[in-house]
Amino acid sequence: MSHLNTKANIAKPDEFYHELLVLHEGRSEKESEALNAKLVLILANHIGDADVLREAMDLAANTQGGGEA
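Undergrad: Sorry, what's going on with the side chain of Ser32 here?
TA: If you trace the backbone, Ser32 turns up in helix H2 (residues 29-47). Ser32 gets classed as buried once you look at its relative accessible area, which sits at 14%. Only 2.9 Å separates the side chain of Ser32 from the side chain of His24, close enough to count as a polar contact. When sequence neighbours within four positions are dropped, the list of residues in contact with Ser32 reads His24 and Arg27.

As structure tokens, this is what we get:
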């Protein structure tokens, strides 16, 4: 069984965050929400491990927005 990696794992996190912001530029709130939902489902499919996905959902549900995981 795999476990959720909560340690920093993105080679260039500032670049990634910038690209994510650019992806949302010019979109309405509703369009951005739909885009985020699609991105979550695409990444969940990539991960594929139901236990890891449950860990991620639990972590997201039980942490404050903007805080450390």
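After presenting the structure, the write-up continues.
Undergrad: Where do I start with the packing of helix H1 (residues 13-24) against H2 in this structure?
TA: Helix packing geometry: the angle between the two helix axes and the distance between the axes. Direction vectors running N to C along H1 and H2 enclose 130°, while the axes themselves pass 10 Å from each other. Classified by the angle between their axes, H1 and H2 sit oblique to one another. The residues of H2 that touch H1, namely those facing Leu20, Leu23 and His24, are Ser32, Leu35, Asn36 and Leu39. Broken down by class, the residue content of the contact of H1 with H2 amounts to four nonpolar, three polar and no charged.

Undergrad: Would you mind going over the layout of surface pockets with me for this structure?
TA: If you roll a probe as big as a water molecule over the atoms, it shows you where there is empty space left. Taken as a whole, the largest pocket holds about 1,300 Å³ of empty space. The wall of the largest pocket is formed by 27 residues, among which Leu4, Ile10, Leu43, Ile47 and Ala56 lie closest to the centre. At the level of elements, H1, H2 and helix H3 (50-61) are the ones that each hand at least two residues to the lining of the largest pocket. A class-by-class count of the residues in the lining of the largest pocket yields 18 nonpolar, six polar and three charged.

Undergrad: Which parts of the structure should I look at to understand the environment of Ile10?
TA: Assignment of secondary structure puts Ile10 in the segment before H1. Accessibility expressed as a relative area gives 46% for Ile10, which makes it partly exposed. In this structure the C-alpha to C-alpha distance between Ile10 and Leu39, which are 29 residues apart in sequence, comes to 16 Å.

Undergrad: Whenever I open this one, H1 confuses me. Can you help?
TA: An α-helical turn contains 3.6 residues, so any two residues separated by three or four positions project in the same direction. Its twelve residues place the ends of H1 17 Å apart at the C-alpha level, agreeing with the 16 Å of an ideal helix rising 1.5 Å per residue. One or two positions beyond H1, positive phi appears at Gly26, with a value near 80°.

Undergrad: Would you mind going over the pattern of salt bridges with me for this structure?
TA: When the charged atoms of two side chains with opposite charge come close together, those side chains can pair. Under the counting rule described, the total for this entry stands at two salt bridges. Here Glu15 ties to Lys12 by a salt bridge, and the two come within 3.9 Å at their closest N and O atoms. The class of Glu15 is partly exposed, set by a relative accessible area of 44%. Taking relative accessible area as the criterion, Lys12 reaches 52% and is therefore assigned exposed. As a salt-bridge pair, Arg54 and Asp51 come within 3.0 Å of each other at their nearest N and O atoms. Of this pair, Arg54 and Asp51 both sit in helix H3, separated by three residues, roughly a single helical turn.

Procedures and definitions
Residues numbered from 1 in each chain as written. Predicted model: local features only at pLDDT ≥ 70, side-chain atom pairs only at ≥ 80, totals over all residues. Heavy atoms only, no water. Helix = DSSP H or I, 4+ residues; strand = E, 2+ residues; numbered from the N terminus. Buried < 20%, exposed > 50% of the residue type's maximum accessible area, 1.4 Å probe, protein only. Polar contact = N/O pair within 3.5 Å; in protein donor to acceptor, adjacent residues only side chain to side chain. Contact = heavy atoms within 4.5 Å. Axes fitted to C-alpha atoms, helices over the stretch in contact; angles between N-to-C directions. Parallel < 35°, antiparallel > 145°, perpendicular 65-115°, else oblique. Nonpolar A, V, L, I, M, F, W, Y, C, P; charged D, E, K, R; others polar. 1 Å grid on protein atoms, 1.4 Å probe; cavity = no way out; pocket = protein on both sides within 12 Å on 5 of 7 lines; lining within 4 Å. Points joined across faces, edges and corners; volume = space filled by probe spheres on them. Expected span 1.5 Å × (residues − 1). Salt bridge = Lys/Arg side-chain N within 4 Å of Asp/Glu carboxyl O.

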